[in-house]
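If you want the building blocks of each chain, they are given just below.
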Amino acid sequence: MSIDIENFEEKSSEELEKMTNGERVLRFLAENDDRAFKPAEIAEQTTVKKNTIGTVLSRLKDRNLVRHKGTYWAITDDQERLNTFTTFRQSTKTLNDQLGEEDPEEWETHAADDYPTEKRENDK
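As a starting point, this report considers the structure included with it. Because the structure is a prediction, the values reported are computed rather than measured.

So, how was this worked out
The written sequence of each chain sets the order in which its residues are numbered from 1. Only residues with pLDDT of at least 70 are given local features in this predicted model, and only at 80 or more are side-chain atom pairs given and counted; all residues enter the totals for whole chains, interfaces and linings. Each side-chain value is worked out from all heavy atoms of the structure, with water and hydrogens disregarded. To get an axis, fit a line to the C-alpha atoms, keeping to the stretch in contact for a helix; angles then go from 0 to 180 degrees between the N-to-C directions. Put simply, DSSP marks the helices as runs of H or I at least four residues long and the strands as runs of E at least two long, and each gets a number from the N terminus on. Reported orientations rely on four angle classes, namely roughly parallel under 35 degrees, roughly antiparallel over 145, roughly perpendicular from 65 to 115, and oblique for the rest. Residues are treated as being in contact if the distance between any of their heavy atoms lies within 4.5 Å. When DSSP finds two or more bridges between two strands, those strands count as paired. Each patch is built from residues lacking any salt bridge and having more than 30% relative accessible area; the joining distance is 9 Å for like charges and 5 Å for nonpolar side chains (Val, Leu, Ile, Met, Phe, Trp, Tyr). Under the convention used here, a 1.4 Å probe and the Shrake-Rupley method define accessible areas, while residue burial counts only the protein chains that appear. A pair is scored as a salt bridge if a Lys or Arg side-chain nitrogen falls within 4 Å of a carboxyl oxygen belonging to Asp or Glu. Two residue types count as positive, namely Lys and Arg, and two as negative, namely Asp and Glu; His and chain ends fall outside the count. Taken as the charge centre is NZ of Lys, CZ of Arg, CG of Asp or CD of Glu, depending on the residue.

Running from N to C, helix H3 (residues 21-31) and helix H5 (residues 50-62) cross one another at 75 degrees; their axes reach a closest spacing of 10 Å. On the basis of the axis angle, H3 is roughly perpendicular to H5. Contact residues: Asn 21, Gly 22, Val 25 and Leu 26 in H3; Thr 52, Ile 53, Val 56, Leu 57 and Leu 60 in H5.

Turning next to the pairing of strand E1 (residues 66-69). Pairing analysis gives four bridges linking E1 to strand E2 (residues 72-75), with the strands arranged antiparallel. Bridge pairing links His 68 to Trp 73 in E2. Counted along the chain from E1 to the antiparallel partner E2, the turn is two residues long, and its residue Gly 70 has a positive phi close to 60 degrees.

The next thing to look at is a negative patch on the surface. Taken together, the side chains of Glu 102, Asp 103, Glu 105, Glu 106 and Glu 108 define an acidic patch exposed on the protein surface. Note that Glu 106 resides in helix H7 (residues 104-110).

Written out as structure tokens, the structure is:
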């Protein structure tokens, strides 16, 4: 799969290899924003496994980052949505680089055991 030269110049080899399946799909669809593709074609072009491409596309659709019609998929036409997503991903990466990635198990260790299911009197 190709990438734009700006990413090629700015990212290290490790960063380029660490792209998630969702990022690979988004990058491919953004680079081909004048076309719509079937899942098998997207999987082939992005090296995402065919048995996981459906899940990846569904998650991207839930986030309004791709469009779906019939058996075809395309990048969203909402440029602001894509820009917001890109900014969020870059901010998260920068924070992870500076402060370290969060450990879900550590969060679970400190999570409350019970969550109130009813509103308390003060919350009404």
